[in-house]
Amino acid sequence: MPVLTRSERKKAKETRAWALSAREKLYNAASKRKQYEDEIKEMYGLLLKEKVVSSLGQIPVDKLNEKKDGIKLGILKSNNVNTVRDAYDLGTEGLKKISGIGDVSARLIQENILRIYNSVAAETKVSLSDITASHEWDDVVGHLEFLIRHRELSERAEALLATYADVLDEHIMATENTEGAFKWFFTGKEKKLLAKESAEMLEELRVSGFVEQLDEVDAGFKKEIEVSEKSKERFKADPIPFFAYWDQIFGDNKTGLEERLDEFSKNILSLKLDTRGLDAVLRGYQVYGAKYIISQQRVLLGDEMGLGKTMQALAAMVHLANCKKTHFLVLCPLSVVENWCREIRKFTHLETIVFYGDEKKCAQQWEDWISIGGVGITNFETARKIEPLRDIPIALMVVDEAHYIKNPGAKRTRNVMGLGFYAENLLFMTGTPIENRQEEMLSLISILQPSVANDIKAKGAAYNAAEFKKLVMPVYLRRVRKDVLKELPEKTEYEDWVRLKDSETEKYKEVLFEKGNDETAFGALMPLRRVSWNAGEDSSKLARLLEICAEAAEDDRRLIIFSFFKDNLVTVAEALGDKCAGIIEGSVSAAGRQEIIDRLPEMPAGSAIVAQITAGGVGLNIQSASVVIFCEPQIKPSLEDQALSRAYRMGQTKQVLVHRLLAADTVDERIMQLLSEKRRIFKEYADDAIISKLDSLFTKEEISRIIEQERNFYSKPEKE
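Residues numbered from 1 in each chain as written. Predicted model: local features only at pLDDT ≥ 70, side-chain atom pairs only at ≥ 80, totals over all residues. Heavy atoms only, no water.

> Can you tell me about the overall build of the chain, naming the residues and giving the values?
Scanning the chain for helices and strands turns up 33 helices and 13 strands. For the chain, the residues scored as buried account for 50% of the 720 residues in total. For the chain, the share of sequence-separated contacts (at least 6 apart) that also reach a separation of at least 24 residues comes to 77%. Accessible surface, the chain as shown: approximately 35100 Å² in total, 51% of it carbon and sulfur. (Helix = DSSP H or I, 4+ residues; strand = E, 2+ residues; numbered from the N terminus. Buried < 20%, exposed > 50% of the residue type's maximum accessible area, 1.4 Å probe, protein only. Contact = heavy atoms within 4.5 Å. Areas by Shrake-Rupley, 256 points an atom, 1.4 Å probe, with all protein chains shown as cover.)

Set out below in structure tokens:
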């Protein structure tokens, strides 16, 4: 009986044809990332050449003879060859046409041009900012967006290739003799048996989940991104992923520790970080930070404000989750609880549970978290209501704004220590440069790694700065922007979401359902937009604003704070005290405004101008402020843009940080959703009439809908 009947051989041949097609599809999909990166590198090369050649135009031709090779500079200059660029443009043949320059001299000149070219090229970099000003802009930003948007698809395709490529190659080769009757006839029995087994293996693969996975990846890549003005707009709206991916391609994987990249740091770098499930592109220093957290287990991350400490913590969580770890805990000030929730939901697939309320409610939430897993989030005060875990360890416990627990005798600190005892990994985070406050630093290090703290105490004051850095290296990591970022987007925007306290929620509901608020849509909306600011000392937004001001002070920055409402300005100014340079509103004269603006640069870091957005957003130049805070979302899009341009303009020497204070489960959410939709339409249309309509105040119908949605939301019975 034959090894394969004619019909079986026919089926084997069809299976092999499918396998050949599947292999081609697999290799194409898995090579997409490299293809796009290679094309970006090619564009980079062209722009680098342009930049280097341009630089050669600034180098006198005399440089060609710096080695005293006998190059006839006089002849070159008499023929208008005055710079190295002039000689470069002529080339060897052009040089030989100059009377007095022979073959040997032309080759010597070319050798020196090449030497200078290579020297300049080694010192020249093409930044993403250079690209945005070049003719390659559309292609580069489109390619980068493709890579960012399809990062997960690329990883899936590459994983499929790693799993199935060898299998496909082996069995396709083994079934080659099924292609023709003549070839099959002269194939030995052993190879026929092997071909039969391989055909069966390929058929099994054909009906397995591999086909569905490959088709999903292939279909995903076929949805090509339109490379157009829309890519530019997306870059302008959120440039950070573009900068991060650019750094990845061109190897700018700085750790911020290059001056001390010893065996300790190299061991950390050797860890393979598993970021499957993290929807973000990490910069090199962030990858190192996440690896440091995991490797060192109990550490203090003190990166400068704006470098993405939260993202590094999320990367560490995702890595541990991929290692089958299930429970994570975040302790932080109440003002940033909501922010943590939104960041986790935005960038990971991890579940979130917030612990709040009375002890009974907290206990139930705690039990839910124990059974479900994910990230539990709570504030320092609520932490005392939580029973430490014994049977289920916390894979990673994060303490944000760790300087809040610097006092070892405080209840807050003892609560954190009690929970941290059961954590496999413990991460403290602070943007405050506490190495300048060694008592605070030692207090935190004593909780994390007591042996390191004891070593520091044992040495007393008998160490210099370098020795101190070496001592704290196993437990403390701090990088500043100038060390890790060659370039920054000119502004970085943050949405600072706060969760209302019970007293604020009650006040909000009282205003929401107050009689008389139905008379006009605007009349009903305006009191609701003051959410949180009308809560006095309980204001969650004010608490977050003061934290941002404190961070700005540590970072040697000054601020400008905008609100539509005059009473909000007074509240903020009173809270800032002598750190308020003054209030700018409609009644302040032009001279008075300028006096306030001139006062700000002379005031200490962390000081601020407080301005009404309709008055302070026009006609001012406030370059001394590099942090901008909006107290509430504006219902006319251009108001924010005009206000922001006060600090974000030519002459600003620092990256501008923009914070929008927003309250969860309030009109802020509805307004932000509507603004997002308006901006989306705004970007898609260039029609002046449409743009004018979109930039107007919200319509009565839109406001009525917002209020109706809010009332419906708060009319529902509370969940148990």
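That was the structure; now back to the text.
> Could you give an account of helix α15 (residues 284–296), with specific residues and numbers?
Look at α15: 18 Å from first C-alpha to last across 13 residues, which is about the 18 Å you get at 1.5 Å a residue. In terms of residue burial, α15 counts as a mostly covered element, since ten of its 13 residues are buried. Those residues of α15 that sit buried are G284, Y285, Q286, Y288, G289, A290, K291, Y292, I293 and I294. After α15 finishes, the residue Q297 shows a positive phi value of roughly 70°. (Expected span 1.5 Å × (residues − 1).)

> Requested: an account of the nonpolar core, with residues and values cited.
Judged by nonpolar contacts, the single largest core of 61 residues is most densely connected at L64, L76, I109, L128, L144 and F210. Among the elements that take part in this core, helix α2 (residues 32–56) stands out by supplying nine residues, more than any other. (Core = buried A, V, L, I, M, F, W, Y, C linked by side-chain atoms within 4.5 Å.)

> Pulling in residues and values, what's your account of the sheet that holds strand β12 (residues 627–630)?
Spatially, six strands are ordered β8-β13-β12-β9-β11-β10 in an open sheet, and the strand pairing comes out parallel. Either end of the sheet is taken by a strand with one partner, and the two such strands are β8 (491–498) and β10 (580–584). In this sheet, neighbouring strand axes are inclined to one another by 15° on average, regardless of whether the strands run parallel or antiparallel. In terms of strand pairing, strand β9 (residues 559–563) meets strand β11 (residues 608–612) through five bridges, oriented parallel. Following the sheet pairing, F562 is matched in β11 by A611. Relative to the sheet, helix α28 (residues 590–599) contacts β10 and β11, its axis offset from that of β10 by approximately 155°. (Pairing = 2+ DSSP bridges. Axes fitted to C-alpha atoms, helices over the stretch in contact; angles between N-to-C directions.)

> Got a sec to walk through the pattern of salt bridges? Specific residues and values, please.
As enumerated under the stated definition, the model contains 34 salt bridges in all. Between R23 and D169 there is a salt bridge, with its nearest N and O atoms 2.9 Å apart. On the criterion of sequence distance, the pair formed by R23 in helix α1 (residues 6–30) and D169 in helix α8 (residues 151–174) is long-range, its members being 146 residues apart. R23 sits in the partly exposed class, given a relative accessible area of 23%. Across the salt bridge formed by R149 and E145, the nearest N and O atoms sit 3.3 Å from each other. With a gap of four residues between them, R149 and E145 both fall in helix α7 (residues 137–149), about one helical turn apart. Given the relative accessible area of 4%, E145 is considered buried. Residues participating in the shared-partner salt-bridge network are E338, R342, R499 and E669. (Salt bridge = Lys/Arg side-chain N within 4 Å of Asp/Glu carboxyl O.)

> Break down the sheet that holds strand β4 (residues 374–379) for me, with residues and values.
Strand order in the open sheet made by the seven strands is β3-β4-β2-β5-β6-β1-β7, with parallel pairing throughout. With partners counted over all chains shown, the strands left at the sheet margins are β3 (352–354) and β7 (476–477), one partner each. Pairing geometry for strand β2 (residues 327–332) and strand β5 (residues 396–400), over four bridges, is parallel. Residue L329 lies in a different strand from β5, and its bridge partner there is M397. Strand contacts of α15: β1 (298–301), β5, β6 (426–429) and β7, with the helix running at about 150° to β1, the strand carrying the most contacts.

> Run through the side chain of R33, naming residues and quoting values.
Of note, R33 is situated in helix α2. Its relative accessible area of 16% is what places R33 among the buried residues. Beyond its immediate stretch of four places on either side in the chain, R33 contacts L147, R151, S154, E155, E158 and Y245.

> Got a sec to walk through the packing of aromatic side chains? Specific residues and values, please.
One pass over the structure, following the stated rule, counts 18 aromatic pairs. Between the aromatic rings of Y36 and F146, the centroid separation amounts to 4.0 Å while the plane-to-plane angle is 5°, which identifies the pairing as stacked. Separated by 110 residues along the polypeptide, Y36 in helix α2 and F146 in helix α7 bring together distant segments of the chain. Comparing Y36 with F146, the two get one shared label, buried. Centroid distance F564 to F565: 5.2 Å. Interplanar angle 80°. Geometry classified as edge-to-face. Note on F564: relative accessible area 25%, which makes it partly exposed. Taking the relative accessible area as the measure of exposure, F565 reaches 4% and is therefore buried. Pairwise contacts between aromatic rings join W18, Y164 and F210 into one cluster. Of note, R342 hangs over the ring of W497, and the distance from its end group to the ring centre comes to 3.6 Å. The cationic tip of R529 hangs over the ring face of F564; the distance from NZ or CZ to the ring centre is 5.2 Å. (Phe/Tyr/Trp six-rings, centres within 6.5 Å; stacked < 30°, edge-to-face > 60°. Lys NZ or Arg CZ within 6 Å of the ring centre and 35° of its normal.)

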